[in-house]
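Here is how the chains run, residue by residue.
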Amino acid sequence: MLSCLKGACCLRFLQGTTYPDVIVSHRPEVTLDTSRMGQDVVVVKNGRRLCGTGAAVANAPIVQNKAYFEVKLQTQGNWGIGLATRRVNLSKVPLGYDGEAWIMDQYGQVKHDDKVLSQFRTNIEEGDVVGFAYDHDTFRIFVNGTEQEPSCRLTTRGTVFPIFYVDEGAILDIQFSTFYFPPPEGYDRILLEKSLI
């Protein structure tokens, strides 16, 4: 014990020295979930770009009342954005032909269970940004910041995740924060469950 105290004497030179506070903070963020994606789909750019063939979901479900995310169409092809349950088949595209996904495709059709629920009329071109606002009852689509009509009412069951699919050369860049256009009033980025408390 005495030898430990003697060693403390050599630390006296540190007395009175101030060091800046070091704050280490790792805040998890929402990205595409590379553990839950189709066999032939590729996720790059830190979980933000989707290419290849297949679908990928976000690593977090939508748990808050009003959520918003965006997709920038980098390259045309077959693609879709929307919501899905955990049971959706991520290797079979296009989506929207079963009861596990609610998808807006490249033609502006919102599909679920092989039915067209809504049709948006704006043609989406390469470079366009598609915003997706969801409030557990309705999803609203924005193209380059302009809301598209009509909004689409839907009835989801249980927990849903943002989902995206690509095929035939389509490339999508997904933004879960740092948006190109401001979310509609009352909507925010997808929050992780720990962030809600």
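Parameters at a glance
- Residues numbered from 1 in each chain as written.
- Predicted model: local features only at pLDDT ≥ 70, side-chain atom pairs only at ≥ 80, totals over all residues.
- Heavy atoms only, no water.
- Helix = DSSP H or I, 4+ residues; strand = E, 2+ residues; numbered from the N terminus.
- Buried < 20%, exposed > 50% of the residue type's maximum accessible area, 1.4 Å probe, protein only.
- Contact = heavy atoms within 4.5 Å.
- Areas by Shrake-Rupley, 256 points an atom, 1.4 Å probe, with all protein chains shown as cover.
- Core = buried A, V, L, I, M, F, W, Y, C linked by side-chain atoms within 4.5 Å.
- Pairing = 2+ DSSP bridges.
- Phe/Tyr/Trp six-rings, centres within 6.5 Å; stacked < 30°, edge-to-face > 60°.
- Salt bridge = Lys/Arg side-chain N within 4 Å of Asp/Glu carboxyl O.

### Quick look at the overall build of the protein chain
Secondary structure assignment for the protein chain yields two helices and 14 strands. Across the 197 residues that make up the protein chain, the buried fraction comes to 46%. Long-range contacts, defined as pairs at least 24 residues apart, comprise 66% of the intrachain contacts of the protein chain with a sequence gap of at least 6. Split by element, the accessible area of the protein chain, about 11,000 Å² in all, is 50% carbon and sulfur.

### What about the nonpolar core?
In terms of nonpolar packing, the biggest core is built from 38 residues, with L50, W79, L83, M104, F139, F164 and F176 touching the most fellow members. With four residues, strand β4 (residues 67-75) is the single largest residue contributor to this core. Those residues in contact with M104 that sit more than four places away from it in its chain are W79, G80, I81, Q109, V110, F120, I124, V130 and I141. By size, the runner-up hydrophobic cluster in this structure holds twelve residues, among which are A55, V57, L95 and A101.

### Quick word on the pairing of strand β7 (residues 109-112)
Here two bridges tie strand β6 (residues 101-105) to β7, and the two strands are oriented antiparallel to one another. Bridge pairing in β7 places I103 opposite K111. In textbook terms, the turn of a hairpin is the stretch between consecutive antiparallel strands, and for β6 and β7 this stretch comprises three residues, one of which, G108, has a positive phi near 85°. Judged from the four bridges that link them, β7 and strand β8 (residues 115-119) form a sheet pairing that is antiparallel. The partner of Q109 across the bridge, within β8, is Q119. Counted between consecutive antiparallel strands, the loop separating β7 from β8 contains two residues, among which D113 sits at a positive phi close to 55°.

### Some details on the packing of aromatic side chains
A complete count under the given rule lists seven aromatic pairs for this structure. Taken together, a centroid distance of 4.7 Å and an interplanar angle of 25° make the contact between F69 and F132 stacked. Linking F69 in strand β4 with F132 in strand β9 (residues 129-134), this pair joins segments that are 63 residues apart in sequence. The buried category is assigned to F132, whose relative accessible area is 1%. Among the aromatic residues, those joined into a ring-pair cluster are F69, F132, F139, F164 and F176.

### Examining the pattern of salt bridges
Between side chains of opposite charge, a pair can form as their charged atoms come close. Counting across every chain of the model gives six salt bridges. Between D137 and R153 there is a salt bridge, with the nearest N and O atoms lying 2.7 Å from each other. With D137 in the loop between β9 and β10 (138-143) and R153 in strand β12 (residues 152-153), this residue pair connects regions lying 16 residues apart in the sequence. For D137, a relative accessible area of 30% translates into the label partly exposed. Between E147 and R140 there is a salt bridge whose closest N-O contact spans 2.8 Å. Here E147 falls in the partly exposed class, since its relative accessible area comes to 29%.

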